[in-house]
Every structure is written in C-alpha cells, then in structure tokens.
Amino acid sequence: MKIIDPHIHMSARTTDDYEAMAAAGVVAVIEPAFWLGQPRTSVGTFQDYFSSLVGWERFRAAQFGIRHYCTIGLNSKEANNVPLAEQVMELLPLYLAKEGVVAVGEIGFDEMSSAEERFYKAQLELAKQVELPVMVHTPHRNKKQGTTRSMDIALDYGLPAHRVVIDHNNEETVKEVLDRGFWAAFTIYPKTKMGNERMVEVVRKYGPDRIIVDSSADWGVSDPLAVPKTARLMIERGIPVEHVEAVCYRNAILAYGQSGQFSESDWLSPAAIDQRNLFEGNSVLRGQSPRIDEPQAEEAGIIR
Ligand SMILES: [Zn+2]
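Since the model is a prediction, treat every value here as computed from it, not as a measurement.

Next up on the list: unusual backbone geometry. If a residue is not glycine, its phi is most likely negative; likewise, a peptide bond is most likely trans. Residue glutamate 106 is reached from glycine 105 by a cis peptide bond, and omega for that bond is -15°. Non-glycine residue glutamate 131 carries a positive phi angle of around 55°. Judged by C-beta crowding, with 11 C-beta atoms within 10 Å, glutamate 131 ranks as exposed. Phi at histidine 168 takes a positive value of approximately 60°, unusual for a residue other than glycine. Mapped onto the elements of the fold, histidine 168 is located in the loop between strand S6 (164-167) and helix H7 (174-179). Judged by the 24 C-beta atoms lying within 10 Å of it, histidine 168 falls in the buried class.

Below is the structure:
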C-alpha cells in the first residue's frame, strides 16, 4: 500500500528515516513550517528556513526516493514575538508561490493569545488571496475550545471548510470538525496523546471520509513510521483496506491537491535516483557509493 505522511518535520530527521519510510511504503511527505525549539531572533533565519523547505530538503528527500512538499506559514508560538512576526508576514507571499508549497501552515493557536489570533487571521486572509488550503495547528492545552475557535474564525474569514485541515484532533474534537465539513487530521504520538490503537477506533466509528493520519515527527519524541504502523494495525484490526488507504494516502491528496501542487503523477513516475546529483554544489554523499537507479523507460526516451 502507498502511504503519505502529510505532516512531518523531516529537517529534524536523518537519512536513515527517509530510507525506512520509503521501505515502509511512504511515497510523499508534507513538511509544515513550524517552531524550531530555539526561538528565532531575526527574519533572516525564517527566510533561510523557508528556503531550505522548498530547496535543500526537497532535494534531499528525492535522493532517498520520497517526494517532499511543504506548507509555509508563521507558527503560533512565534506569532507572540510581534515585531518579528510582522517581518515574517512580509516574506510569506514570496514563499507561498514556490513550487511544492501545498498550503499555508501550520498556523493557529498555542496559548490562545491575542497576537496568535491576529496573525492567524492575517494568514487566513493570505490563504484566500493565494488560493491555497490551510493547515491548522490546534493547541495541546484547551484543545476543544481552541479547535472550535480556530474553525469559527476560519469560517468568519470566508475560508470554505473543505479547504481547511484541522490537525492534532482527538476523540473530543473529531465529531465537531467532521460535522462542520473540515478535514480532520490526527497526529499519532508514540507515547502520549493520540496513539495508534485509539486511531483505529476513531476510523471504525467515524469511517474514512475527511480523516487524515500523520506523524508530526520532529526533533522531539516521535515516530517517522507512525503512519505505516497505524495502517498495518488498522488492517490487523479489521478496518477495510479501502478505508485504510483513504486515511493514510488518498485523503491527503484530496485535501492538499486543492493547491494544484500535489498530484499522484509526481511519485508514480518519479525521476530515477542519482545520488551524484548536486543541489547548489552539495550532494547527500558522505563517502558511501552513490545509489544510481536505472531511469524508467519513458525517461530514457524509450517508447513502450
Ligand atoms: Zn508540526
């Protein structure tokens, strides 16, 4: 089965992770722009980070057989540094127009502060202008209230629910999110919060429509194989294969495909891997012999 992980911070992960993910069936990932742990102090560090999401990381992923896409946005935590946030807002239109950017995100609430609300609203306006979907991060505290408020504001700002993915759901939030017509994404955490056993029961209860599974793996305790592991557990527990395919692959294409930047043809006939390739003078090689795959027939100019 093909798998997409539509929320994973690969910049924080290793090439071993890319190889393990590809071996487990992951064909494409979406890396949302987020907080890096260390608070940023100048707009230049945001600029370089956004550049790496649309540049180097996309290249690095392809060298290990995975298509990489991203979302660009000002995360909720750093929205609280208002003077810096104002400068970041000015950068966003440039990066939202880049190839492989599939949404504005991840944006929304962390502490539910007024600054977070201000920049969430400003970015919803931007998403409307550039006609991109939105990936919404919901707070880990005040989850229910924060989720409801995020949806209220998105609708007030004229974003149709079908263009908005509400992430980090749990059993308390999922019903309202689905009833209101939004996409409901779930982050599978290895130790806490939403585990994969619970995810199986959510899909059994609500069915597969508009539900999306992701790992949100980053530099913290997390599992880059959370989506393939959850898919396997669902099948073992008797969830129909078409439902598993919907929540671990197909729905991500339907949601983020609305950007016009995320389509199955990208990974069904990818360019052959050649690890001798360079990105701005750099390769992924560190002394190992490069992986060089044979080009597929069409690519080599052979008509089948
Ligand atoms: Zn995230």
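Time to look at the packing of helix H9 (residues 226-236) against helix H10 (residues 241-256). Axis separation between H9 and H10 bottoms out at 9 Å; the angle between their running directions is 160°. Here H10 runs roughly antiparallel to H9, going by the angle between their axes. Here H9 and H10 pass one another in a crossing that is right-handed. Packed against H9, whose contacting residues are Val227, Thr230, Ala231, Met234 and Ile235, the element H10 presents Val241, Val244 and Cys248 at the interface. Here the residues of the contact of H9 with H10 sort into seven nonpolar, one polar and no charged.

Now for the sheet that holds strand S1 (residues 3-5). If you trace the eight strands from one edge of the open sheet to the other, you get S1-S2-S3-S4-S5-S6-S7-S8, paired in parallel fashion. Here the strands that pair on one side only, and so sit at the sheet edges, are S1 and strand S8 (211-214). Taking each pair of neighbouring strands and ignoring which way they run, the sheet shows an average axis angle of 25°. Of the strand pairs in this sheet, strand S4 (residues 101-108) and strand S5 (residues 134-137) are connected by three bridges, and their pairing is parallel. Paired with isoleucine 107 across the strands is valine 136, a residue of S5. Helix H3 (residues 56-63) rests against strand S2 (26-32) and strand S3 (67-72) of the sheet, and its axis sits at about 155° to S3. Contacts from helix H6 (residues 143-156) reach S4, S5 and S6, with the element oriented near 170° to S6.

Turning to the environment of aspartate 156, a few remarks are in order. Relative to the elements of secondary structure, aspartate 156 occurs in helix H6. Judged by C-beta crowding, with 10 C-beta atoms within 10 Å, aspartate 156 ranks as exposed. Separated by 147 residues in the primary sequence, aspartate 156 and histidine 9 have C-alpha atoms spaced 30 Å apart.

Residues Val164 and Ile166 point to one face of S6 and Val165 and Asp167 to the other, with burial holding for every one of them. Pairing between S5 and S6: four bridges, direction parallel. When the sheet's bridge partners are listed, valine 136 is paired in S6 with isoleucine 166. Tracing the backbone out of S5, into H6 and back to the parallel element S6 gives a crossover that is right-handed. Pairing of S6 with strand S7 (residues 183-187) involves two bridges; the strand directions are parallel. Note on S7: the bridge partner recorded for isoleucine 166 is alanine 184.

With respect to the element layout, glutamate 245 can be found in helix H10. On the basis of neighbour count, glutamate 245 is assigned to the partly exposed category, with 18 C-beta atoms found within 10 Å. Measuring from C-alpha to C-alpha, the distance between glutamate 245 and glycine 281 comes to 39 Å, with 36 residues separating the pair along the chain. Dropping the residues within four chain positions of it, glutamate 245 is found in contact with Met1 and Arg250.

Conventions used here
Residues numbered from 1 in each chain as written. Predicted model: local features only at pLDDT ≥ 70, side-chain atom pairs only at ≥ 80, totals over all residues. Buried ≥ 20, exposed ≤ 12 C-beta atoms within 10 Å, placed from the backbone. Helix = DSSP H or I, 4+ residues; strand = E, 2+ residues; numbered from the N terminus. Axes fitted to C-alpha atoms, helices over the stretch in contact; angles between N-to-C directions. Parallel < 35°, antiparallel > 145°, perpendicular 65-115°, else oblique. Left-handed = near helix turned anticlockwise from the far one by under 90°. Contact = placed C-beta atoms within 7 Å. Nonpolar A, V, L, I, M, F, W, Y, C, P; charged D, E, K, R; others polar. Pairing = 2+ DSSP bridges. Right-handed = clockwise from strand over helix to strand, strands pointing away.

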